[in-house]
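Residues per chain, in single letters:
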Amino acid sequence: MTSPSASSRKKELVEWQVNPPAGFKHKATDNLQRWVIEVNGAPGTLYADEMYQLQVDFPEHYPMEAPQVIFVPPAPLHPHIYSNGHICLDILYDSWSPAMTVSSICISILSMLSSSTVKQRPPDNDRYVKNCKNGRSPKETRWWFHDDKV
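Residues numbered from 1 in each chain as written. Predicted model: local features only at pLDDT ≥ 70, side-chain atom pairs only at ≥ 80, totals over all residues. Heavy atoms only, no water.

Caption draft 1: Seen up close, unusual backbone geometry. Cis geometry is found at the peptide bond from Y62 to P63, where omega equals 5 degrees. Among the secondary structure elements, P63 is positioned in the loop between β3 (51–57) and β4 (68–72). In this model, P73 is joined to P74 through a cis peptide bond whose omega is 10 degrees. Looking at the secondary structure, you find P74 in the loop between β4 and α2 (102–114). In this structure, D49 takes a positive phi of about 65 degrees despite not being glycine. (Helix = DSSP H or I, 4+ residues; strand = E, 2+ residues; numbered from the N terminus.)

Structure representation (structure tokens):
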């Protein structure tokens, strides 16, 4: 019997293949638990003509629980993206809603990248990355969402 989470992922993948969000490409694998997505920087932004990869890991209770989404290093230089690929974005944590999809997450990440006026790491990057050794999930972090400018 297929789990509700697996059914949700299959449905999303079919929808993605029919109507992918602009600037993103799903890299086909046999693993529905982990998606790898190519992200192309939007034209006219600091990230134009740059390509990155997102890794999306689906929990057992998706979509009731948010997937873990990180950039596969090298991550873009951005005030809300750590060098280990962790992303400080509220919809990935506290503001998650089961109505959200991988497409809506991707659009939010591209919007975050596109609105940035500087290419730099978060001020606490080195400390944070050091504390995340041994594969700590970004979902274990108590994020402080204080900056909605980028």
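Caption draft 2: Representation of the sheet that holds β4. Reading across from one edge, β1-β2-β3-β4 is the order of the 4 strands in this open sheet, with antiparallel pairing throughout. Edge positions in the sheet fall to β1 (24–27) and β4, since each has one partner strand and no second. Within this sheet the neighbouring strands show an average axis-to-axis angle of 30 degrees, counted without direction. Two strands pair when backbone bridges link them, and β1 and strand β2 (residues 34–40) are joined in this way by 4 bridges, in the antiparallel orientation. Within β2, the position partnered with K27 by the bridge is V36. Each of β1, β2, β3 and β4 touches α2; the most contacted strand, β2, lies at about 35 degrees to it. (Pairing = 2+ DSSP bridges. Axes fitted to C-alpha atoms, helices over the stretch in contact; angles between N-to-C directions. Contact = heavy atoms within 4.5 Å.)

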